[in-house]
Structures are given as C-alpha cells and as structure tokens.
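Coordinate analysis (summary)
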Amino acid sequence: MTLARATLTLLAGGALAQLVPLLLGPFIARLFTPEAMGLFTQFATIAAALAVAASLRYEQALPLARDESEARALLALSARLLALAVVISVPLAWVLHAAGWLPLPALLPLAVGAAGVLQVLTLWANRAQRFQALAASRVVQYGGGVALQLGLGWAMWQGAAAGREDAWALVLAPLLAQGLASLWLLRPAPAGGWRTVMATGRAAVREAARRHRDFAWVNTPHAFLGTLQDALAVALLVAWSGEAAAGFWGLALRYLKAPATLVGSAVSQALYPRLAAAGPEEGRRLVRQVMALLGGVALALMVVLLAAGPWLFERVFGAPWREAGELARALAPYIAAHLVASPLAVVTMAWRAQRWAFRLAVLGQVAFIAALAVGLWQGGLLGGAWAVSAVMVPYFGWYFWRLATWKEGAA
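So, here's what we can say about the structure.

1. Some remarks on the environment of Gln-42
Within the fold, Gln-42 resides in helix 2 (residues 34-51). Here Gln-42 falls in the buried class, since its relative accessible area comes to 9%. A C-alpha to C-alpha distance of 7.3 Å links Gln-42 and Pro-103, two positions 61 residues apart in sequence.

What follows is the structure, given as structure tokens:
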C-alpha cells in the first residue's frame, strides 16, 4: 500500500473517530460542569503519563523488527513490562491520591492497562500494515468513548449539569472504549497464536531488549516527559485558578488538538515504516512534504481561532465555556505549530536520532512549564496561555528547520 493510500485510509477512519467527539462534545459540556471536566482532565493527564511508559516504549520497535521471531520477542517483552506497570500503579494511585494530585485512584490501574494494551496492539497492526483495522479501532476508541460519556451523563441528568462527584463517568467511559478498540487489532495473531507470546524464552526477550534499548533509555523518558508536561500544567492550573480553570484548559486543548490527533496520527502511522526503509535523501523529501502539507492546515486553523475563538466556544458549548474560547485564541499559535510537529516524532525514531530528540524535547518541556508558570503569575489564566504561544512557536520553528536540513550523524 502506498504512503498516500495508507494515509488516506487512516485519515478516513480518524476523521470519523474525531467527528463523533466533535459533534457530541457540546452536549457533554452541558451535562457536566467545568469542575467535573477539571477532575477528568487531572486524572487523564496523570494516567497518560504513566501509560505511555508502561511497556518502556518497546512496542514502538515492532515495525523495525527484522523477522517474526524478533517481533514476537518484542511483544512478549512489552506484555511483561505492561503487567508489571499495572501492578505498580495500584499503590502509586493511592500515594498520588493522598497527596491531592489524583482523583478516582481506583481507576488508575485500569487506565494504565487499557491504554498500554491498545498501544502495543496498535504497533503490532502497524507492522502488519493493517491500516483498515487501525482506522476502525480509532473509531471505536474515540467515538465510542465520547458516546459512552454522553450516555452516562444523560443517565445522571437531574435538570442540572453533573458536578465533581460524577466525574467518574467521564473517566470510566474512555477506558471501556479502549478495551473495545483493542479487539479490532488482535488479528493477525503471531505465529502459533497469542498464547505463544508469553511463552517466549528469556534469552530472546533479553536480546530484543538489548537490541532496542534506546526505546527504553531514550524514547521512554522523552515520551514520559511529554505527557508529564501536561500533568504538571494541569497541576499548576488547579493550584493557581481551581478545578474550573483545568476544565476550561482541558476542553480547549481537546478540541484544539483534535486536528493534530486526526491528521498527525494518520500521517505518522503511514510515514514511520516508509522512513524506516527509505534512504537519507528520500527520507528528507518525505519529511519536507509532510511539513509543507500540514503547515497550510495549521495556518488556516490559527487564523480562525484568532479571529473568532471566544465566539465559537460560547456558541457551541454555551455561555459558561466562553473562557475556554479565550484560551483557544491565546493558544492558537502554539496549537498551529503543534499540529505540524505532532506526526514528526516518528522521524527521529526512524533515523535513530532519539537522543537528540530527547535533549531538544526536555528543553521544550521546561520552556513550556516555565512560560505557563510565569504567565499565570503575571497575567492569570490567559496570561499563561499567551506566554506558552510566545515561547513555543520559536522552539518548534527551530525543530522544523533541523529536520528539514537533517544530515546523517547530526545527532
């Protein structure tokens, strides 16, 4: 399957997957208060930070495996690490809850397990180039999650929006949807069936871990710090402005990053195996094409948000959510740059430049949190958002230039 066809297949499934949440989101915003949304955002950011590192990112090496035996060893390694992460998350959840950082601690192990299984199966299907199954899985994951949120919210409707005590419904629904989405990716099974994965010998698993150790030692901290950035940002917002502010932030970013999730995920899943097989010049050409295509989409999105962000959010979600639209306007330049950057994480994995990408990412994450903190201190919620845009746009600009002019050994 060509890169264009693979991308379009994933894009079509992703479009449907994102369309359902976009259409149902305004109804959910009327069924739950900003405080309930804030608690959901708190839980989701912490769960994502833990889940992304649950299998030490070894599943990301599946498209690079040389043969089926190495791929099976990577599957076994990922599954064992994920099981250990779920066990560890039980006491960790209650420690975080006691510290006041995590609501609904009983659901954290389920969140880590559901997300981790889906991550592993997604890369397994990517290796097999089952792009239609990947598209269907995304529809179930994103569309099913928001549909369940709507159903639970409607069942609890008592003439007023559900408050913080009902935030569990917002959390549980996407976890159930992730479990259902995983079912679409169980085929093809490894040679001998899924039972043979856990029976894989220790020597083969250790060799797979050694050969792809950069995913554990470099890519995992990189991905973890990226999700930790979101968790720290929400913690700052809650501490500075309360749970409602986290709700505004969460809703705004959920909608603003929807194009990046839709387009970026489809492009990256189709681009990764191509880059892994391409020569240096062909790889640079593909990366430049992706940046140029997404740059036009990002610019159009930014103009719309700057011109009409508050008006759009008030009309779509109701008057209580106008402040989320003000946030959308302030974050528009950052969101535009993020949309272009979103699928490019696979570039440095394919080019074996993960150490360079990790160093640059740490710099960006520190800059993001510092800008948000200073902005909140100087100008409140909107001041923090404008500060993030002012700092992150030049940072992403440097990143794009380096990838477009990449030379072998530049890391």
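After that view of the structure, there is still more to cover.
2. Looking at the packing of aromatic side chains
A full pass over the atoms with the stated rule returns 12 aromatic pairs. With a centroid separation of 5.6 Å and an interplanar angle of 55 degrees, the aromatic rings of Tyr-334 and Phe-368 are classed as tilted. Taken together, the residues span a long stretch of sequence, with Tyr-334 in helix 13 (residues 322-341) and Phe-368 in helix 15 (residues 354-404) at a distance of 34 residues. Given the relative accessible area of 4%, Tyr-334 is considered buried. A relative accessible area of 3% means that Phe-368 is categorised as buried. On the basis of an interplanar angle of 45 degrees and a centroid distance of 6.0 Å, the ring pair of Tyr-399 and Phe-400 is categorised as tilted. Here the two residues Tyr-399 and Phe-400 agree in accessibility, since each one is buried. Three or more aromatic residues joined by ring pairs make a cluster, and in this case those are Tyr-334, Trp-356, Phe-368, Tyr-395, Phe-396, Tyr-399, Phe-400 and Trp-406.

3. Some points on the side chain of Lys-257
Considering the arrangement of structural elements, one finds Lys-257 in the loop between helix 10 (243-256) and helix 11 (258-277). Although buried, Lys-257 forms no salt bridge, and the nearest oppositely charged side chain, Asp-230, lies 4.3 Å from it.

4. Quick word on helix 15
An ideal rise of 1.5 Å per residue puts 75 Å on 51 residues; helix 15 reaches only 16 Å between its terminal C-alpha atoms. Maximal helix bending in helix 15 amounts to about 145 degrees, located at Gly-379.

5. Observations concerning the packing of helix 4 (residues 108-127) against helix 5 (residues 131-156)
The interhelical angle for the contact between helix 4 and helix 5, taken along N-to-C directions, is 155 degrees, at an axis separation of 9 Å. Relative to helix 5, the element helix 4 lies roughly antiparallel. Here helix 4 runs over helix 5; the crossing is left-handed. Residues Leu-118, Thr-122, Ala-125 and Asn-126 of helix 4 touch helix 5, and the partners they reach there are Phe-131, Leu-134, Ser-137 and Gln-141. Of the residues contributing to the contact of helix 4 with helix 5, the split by class is 4 nonpolar, 4 polar and no charged.

6. Describing unusual backbone geometry
Here the phi dihedral of Leu-56 falls at roughly 55 degrees; this positive angle occurs in a residue that is not glycine. Looking at the element boundaries, Leu-56 is found in the loop between helix 2 and helix 3 (68-98). Residue class for Leu-56 comes out partly exposed when judged on its relative accessible area of 30%. Even without being a glycine, Arg-57 presents a positive backbone phi close to 65 degrees. Tracing the sequence through the fold places Arg-57 in the loop between helix 2 and helix 3. Taking relative accessible area as the criterion, Arg-57 reaches 13% and is therefore assigned buried.

Scoring rules and cut-offs
- Residues numbered from 1 in each chain as written.
- Predicted model: local features only at pLDDT ≥ 70, side-chain atom pairs only at ≥ 80, totals over all residues.
- Heavy atoms only, no water.
- Helix = DSSP H or I, 4+ residues; strand = E, 2+ residues; numbered from the N terminus.
- Buried < 20%, exposed > 50% of the residue type's maximum accessible area, 1.4 Å probe, protein only.
- Phe/Tyr/Trp six-rings, centres within 6.5 Å; stacked < 30°, edge-to-face > 60°.
- Lys, Arg positive; Asp, Glu negative; His and termini not counted.
- Salt bridge = Lys/Arg side-chain N within 4 Å of Asp/Glu carboxyl O.
- Expected span 1.5 Å × (residues − 1).
- Bend = angle between axes of the 7 residues up to and from the residue.
- Axes fitted to C-alpha atoms, helices over the stretch in contact; angles between N-to-C directions.
- Parallel < 35°, antiparallel > 145°, perpendicular 65-115°, else oblique.
- Left-handed = near helix turned anticlockwise from the far one by under 90°.
- Contact = heavy atoms within 4.5 Å.
- Nonpolar A, V, L, I, M, F, W, Y, C, P; charged D, E, K, R; others polar.

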